[in-house]
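# Secondary and tertiary structure notes
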Amino acid sequence: MRHLLAALLLMLAAGCASVPPSVPAVALPHASWTLQGRIGVQAGEQSLSGNIRWQHRAEADEVLLISPLGQGVARIVRNAEGVTLEAPNRSPRRAPDAESLTREALGYALPVAGLAWWVQARPDPGRSFEATHDGAGRIVQLKQDGWVIDYLQYAADARPRKLVVAREGLEIRLVADNWQAE
C-alpha cells in the first residue's frame, strides 16, 4: 500500500484569493518533454521518496516511479482512454482522469492536470492564479486551485530544478535532474 500511496501522491498529476490568468491559453513552447529526477512526498505522518521519469506529450503521459534501490514501484499512463495505474503484484486501476483515480484511491483529488504546467513554472492558463516573480522575471511562488508551488531553484536553461507543491498536510518535493524538450 505504501508504494501505491506514493504513486498516487505523485499524480501529482483546489482556496486563496486569485486573479484572472494573464498567460494566454496556448500550448506550452515545448509541448513534449521528459523529466528525470527525484521525488519526496510527505503526507501527514508518512514520508516517501524515490526517483521519477515523466514523459509528457500533449496526448499522453507516462510516469515511472522507481524506489531508491532502483526497483519499479509504479507506472502511471494517461491517454485518450483515461488513466491507468500499474503496480507490482496489483491489478491495474483505471479511471477517466487522474484526479478521479486519486479521489477513488485516496479519498481526495490531487492536482494532476496542474502539475504538467507547474513543473515548467507556468500556471494552468485556463484557471485563476497568483504569481510572485524574482528580479529575473522567474516565478518564485505560484498559487493555483488552493495549491502553493514554491520554486526553490532554476537550472541554467531557466527550467525549474527544485520545487515544492503543498496543500493541507500534503507536500510533494521534486528535483529535476534532467530535462529534455522535444
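Residues numbered from 1 in each chain as written. Predicted model: local features only at pLDDT ≥ 70, side-chain atom pairs only at ≥ 80, totals over all residues. Heavy atoms only, no water.

If you walk across this open sheet you meet the eleven strands as E6-E5-E4-E3-E2-E1-E11-E10-E9-E8-E7, and the pairing is antiparallel. The open sheet has two edge strands with one neighbour each: strand E6 (93-95) and strand E7 (130-133). Pairs of neighbouring strands in the sheet enclose a mean axial angle of 15°, with direction left out of account. Pairing of strand E10 (residues 160-167) with strand E11 (residues 170-181), which is carried by six bridges, proceeds in the antiparallel orientation. Considered in E11, the bridge of Ala166 is made with Glu171. (Pairing = 2+ DSSP bridges. Helix = DSSP H or I, 4+ residues; strand = E, 2+ residues; numbered from the N terminus. Axes fitted to C-alpha atoms, helices over the stretch in contact; angles between N-to-C directions.)

The subject of this paragraph is the nonpolar core. If you look at the biggest cluster of nonpolar residues, it comprises 38 residues, and the most contacted ones within it are Leu35, Trp54, Trp118 and Tyr151. Those residues in contact with Trp118, other than ones at most four positions away along the chain, are Pro111, Pro123, Asp124, Leu142, Gln144, Trp147, Ile149, Tyr151 and Val165. (Core = buried A, V, L, I, M, F, W, Y, C linked by side-chain atoms within 4.5 Å. Buried < 20%, exposed > 50% of the residue type's maximum accessible area, 1.4 Å probe, protein only. Contact = heavy atoms within 4.5 Å.)

Taken together, the seven bridges between strand E2 (residues 46-57) and strand E3 (residues 60-66) define a ladder with antiparallel strand orientation. The residue of E3 that forms the bridge with Trp54 is Val63. The antiparallel hairpin formed by E2 and E3 contains two residues in its connecting segment. As paired elements, E3 and strand E4 (residues 72-79) share six bridges and run antiparallel to each other. Looking across to E4, one finds that Leu64 is bridged to Arg75.

The values are spatial; any link to function lies outside them.
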